[in-house]
Amino acid sequence: MDPDSLHTLMMTDMGPSIITTAAVGLIMLLGFLTFKTVASEHIIPGIPELKGIPVLGAVPLYFSLGAPQLLEKLIAIGSDGISYANLVKSTLVSVHDPALVKEVLSYPEEVASREGDPMITNLSPWWTLRRMIGPNLFNYVGSDTTRQRSAMIREFNSSKSNAEKFNTIFEIATAHIDALTGGFPSREVEDIKHAAENFAISLWGETLYGNPNYHVDGRTLDIGDILLRLTGSPWPSVQYSCQLFLKLLTTGEPTRSEAKVKRRVEEVIEDNLEILEKYEHKNPNAPLKTIRSLSVNTGGARAGPLSRFATEFTKLNLFGGHHSIGSNICWAFIELARHPECLTKLMAEINSVDITDFTTINSKMPYLDAFIMEINRMYPIVHATIRVMNRETTLWANGKPAILKPGMLVFINYRHLHTSPKFWGPDAREFVPERFLGGYNKEQPFMAFGYGPRNCVGYKFPILAAKVYLAMLLKKYQVDVKDPDHQVRIETLLETSKPVAVKLSRRM
């Protein structure tokens, strides 16, 4: 399928189609059919409620504004760190006090999970993702979780493994940075995030499959964007719920539009596995590619079909493998344009060390580390997360009990925790990398990579890749951002309000 067709598919799924409009009507009908007199009672007594309209509650706000904007409204009324809104028969709870957030994120799966009870329809976006890519590490529960997380940590979060990948990172970064100017002394790049994401996709392709051209046809970037947009939109959940109610689907079956995306995902994976097979045939004595290593460490053989977990990871990587690198690079150049004093300090460090050495760039560049930490504080690519309650549990908010019942959706806004003056002081919304030099106060809530038993198991590899790309690009080129006035745009991930155009000029 060509990129234009993929974009058409994405856009038709994102909007309120005839089926979606019918689904909203069905929700309204169900709301009236199941309506109880709740005007005089609180779903969570003693906790602030964002008032909506009778029966539907905050559903119109949720579908018109989206979850991130609704969360902002909930945070504004929840001075004790918790508030909620009624969504017909569901309840959306915002937890935004650091201690309460840590408590929720530490719950075992039997208390709260990403998807909730599979027999209860809810608006968790993780169900949408599962219908498009199948089971994956995000929704694992039980003994599988520990084993597969350990395999991921060995491959992507250990210094030993990342040291082994460093030459690949350096070579791919060199090729992509050189291609930006095409050999000319200067050139304008219309969207540096797009360029950095292509570097990331190429890096993942080479690391996993021996396919450095993974980015060339644009399929990976397009399908990744579709997966993100559909997962973060409430409309696919509405369509699915409507069709399930009408018995047009069985539980867990993708809708027709989701099935189209699922087929595209499988086609990309099939192509990559063919490339892996050819690579392994030509290089029988070479070190295992990472996807093969993951397979071996989770029960697979050294050749032939991958293990179940490795196969599932190939699909999950399409969803979340490249965005964090592109986001880090993009916001880095925006902030360097806004803060030339930061650029001066960063360039002094880059020019004083050997950035081709793994140990140096991994752990001996304190200002670069502080700079990247501050980027992820101000602009966490995953700006929020969700848990679905599976068991009745009580949170204590400033001495007040908040009883969370099964099926309630608990939203956690990481960006609020990262940028609130209440937690980070009066300069919380200012870009100050120095706050991370020499470590930082661990009482301050920094959760760019999650928290608790389900935190990110692979963030150190993309952070290393972002540092290499940033340092190499700055050492080789002067980077001028054409318009540093970029605003945050909250979608499934945290984005810029417009493409970030830069001019690259080769340093003498």
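None of the values given here were measured: they were computed from a predicted structure.

1. Examining the overall build of the protein chain
Working step 1: Of the regular secondary structure elements, the protein chain holds 21 helices and 13 strands.
Working step 2: Since a compact globule built from 508 residues should have a radius of gyration of about 23 Å, the 23 Å found for the protein chain is in line with a globular shape.
Working step 3: Taking all contacts inside the protein chain whose residues are at least 6 apart in sequence as the whole, residues at least 24 apart take part in 72%.
Working step 4: If you sum the accessible surface of the protein chain, you get close to 22100 Å²; carbon and sulfur atoms cover 56% of it.

2. Here's the deal with the environment of Ser 352
Working step 1: Mapped onto the fold, Ser 352 is located in helix H16 (residues 340–352).
Working step 2: Residue classification places Ser 352 among the exposed positions, given a relative accessible area of 55%.
Working step 3: Considered as a pair, Ser 352 and Met 365 are 13 residues apart in the sequence and their alpha carbons are 9.7 Å apart.
Working step 4: In terms of polar contacts, Ser 352 uses its side chain to reach the backbone carbonyl oxygen of Ala 348, at 3.3 Å.
Working step 5: Within polar-contact distance, the side chain of Ser 352 engages the backbone oxygen of Glu 349 at 2.9 Å.

3. Points about helix H7 (residues 143–157)
Working step 1: With 15 residues, H7 should reach 21 Å at 1.5 Å per residue; the first-to-last C-alpha distance of 21 Å fits that figure.
Working step 2: Buried within H7 we find Thr 145, Gln 148, Arg 149, Ala 151, Met 152, Glu 155, Phe 156 and Asn 157.
Working step 3: Of the surrounding elements, those touching the buried residues of H7 are helix H8 (159–181), helix H9 (192–209), helix H13 (290–297), helix H14 (308–320) and helix H21 (460–476).

4. Let's talk about the packing of helix H6 (residues 125–133) against helix H10 (residues 219–232)
Working step 1: The interhelical angle for the contact between H6 and H10, taken along N-to-C directions, is 145°, at an axis separation of 8 Å. Seen from above, H6 lies across H10 with right-handed handedness. Between H6 and H10, the contacting residues are Pro 125, Thr 128, Leu 129, Met 132 and Ile 133 on the first element and Leu 227, Leu 230 and Thr 231 on the second.
Working step 2: The residue inventory of the contact of H6 with H10, partitioned by class, reads six nonpolar, two polar and no charged.

5. A look at the sheet that holds strand E13 (residues 502–506)
Working step 1: Strand order in this open sheet of three strands is E5-E13-E10, and the pairing throughout is antiparallel. Taken across any chain shown, the strands that pair with only one partner, and hence form the sheet edges, are strand E5 (186–189) and strand E10 (477–481). Looking at each pair of strands side by side, their axes are set apart by 20° on average, direction ignored.

6. Here we look at the environment of Val 238
Working step 1: Inspection of the secondary structure assignment puts Val 238 in helix H11 (residues 235–245).
Working step 2: Relative accessible area serves as the criterion here: at 2%, Val 238 is assigned to the buried category.

7. Re the confidence of the model for the protein chain
Working step 1: Looking at the protein chain, the pLDDT average stands at 89 and 91% of residues meet or exceed 70.
Working step 2: Scored below 50 in pLDDT, residues 1–16 makes 26 contacts in the model with residues more than four places away or belonging to other chains.
Working step 3: Scored below 50 in pLDDT, residues 28–40 shows seven contacts in the model against residues more than four places distant or in partner chains.

8. A look at the pattern of salt bridges
Working step 1: Counted according to the given criterion, the structure contains 26 salt bridges.
Working step 2: The salt bridge partner of Asp 217 is Arg 219, with a shortest N-O separation of 2.9 Å.
Working step 3: Asp 217 gets classed as partly exposed once you look at its relative accessible area, which sits at 41%.
Working step 4: With its nearest N and O atoms 3.3 Å apart, the salt bridge here joins Arg 229 to Glu 491. A residue pair is termed long-range when its members are at least 10 positions apart, and Arg 229 in helix H10 and Glu 491 in the loop between strand E11 (488–490) and strand E12 (494–496) qualify at 262 residues.
Working step 5: With a relative accessible area of 31%, Arg 229 lands in the partly exposed category.
Working step 6: Connected through salt bridges with shared partners, the residues Glu 374, Arg 377, Asp 427 and Arg 435 form a single ionic network.

9. Some points on a negative patch on the surface
Working step 1: Taken together, the side chains of Glu 266, Glu 270, Glu 274 and Glu 277 make up a negatively charged region of the molecular surface.
Working step 2: Along the polypeptide, Glu 266 turns up in helix H12 (residues 256–282).
Working step 3: Here Glu 266 falls in the partly exposed class, since its relative accessible area comes to 30%.

Conventions and cut-offs
Residues numbered from 1 in each chain as written. Predicted model: local features only at pLDDT ≥ 70, side-chain atom pairs only at ≥ 80, totals over all residues. Heavy atoms only, no water. Helix = DSSP H or I, 4+ residues; strand = E, 2+ residues; numbered from the N terminus. Rg over C-alpha atoms; globule rule 2.2 N^0.38 Å. Contact = heavy atoms within 4.5 Å. Areas by Shrake-Rupley, 256 points an atom, 1.4 Å probe, with all protein chains shown as cover. Buried < 20%, exposed > 50% of the residue type's maximum accessible area, 1.4 Å probe, protein only. Polar contact = N/O pair within 3.5 Å; in protein donor to acceptor, adjacent residues only side chain to side chain. Expected span 1.5 Å × (residues − 1). Axes fitted to C-alpha atoms, helices over the stretch in contact; angles between N-to-C directions. Left-handed = near helix turned anticlockwise from the far one by under 90°. Nonpolar A, V, L, I, M, F, W, Y, C, P; charged D, E, K, R; others polar. Pairing = 2+ DSSP bridges. pLDDT = per-residue confidence, 0-100. Salt bridge = Lys/Arg side-chain N within 4 Å of Asp/Glu carboxyl O. Patch = residues over 30% accessible without salt bridge, like charges linked within 9 Å, V, L, I, M, F, W, Y side chains within 5 Å. Lys, Arg positive; Asp, Glu negative; His and termini not counted. Charge placed at Lys NZ, Arg CZ, Asp CG, Glu CD.

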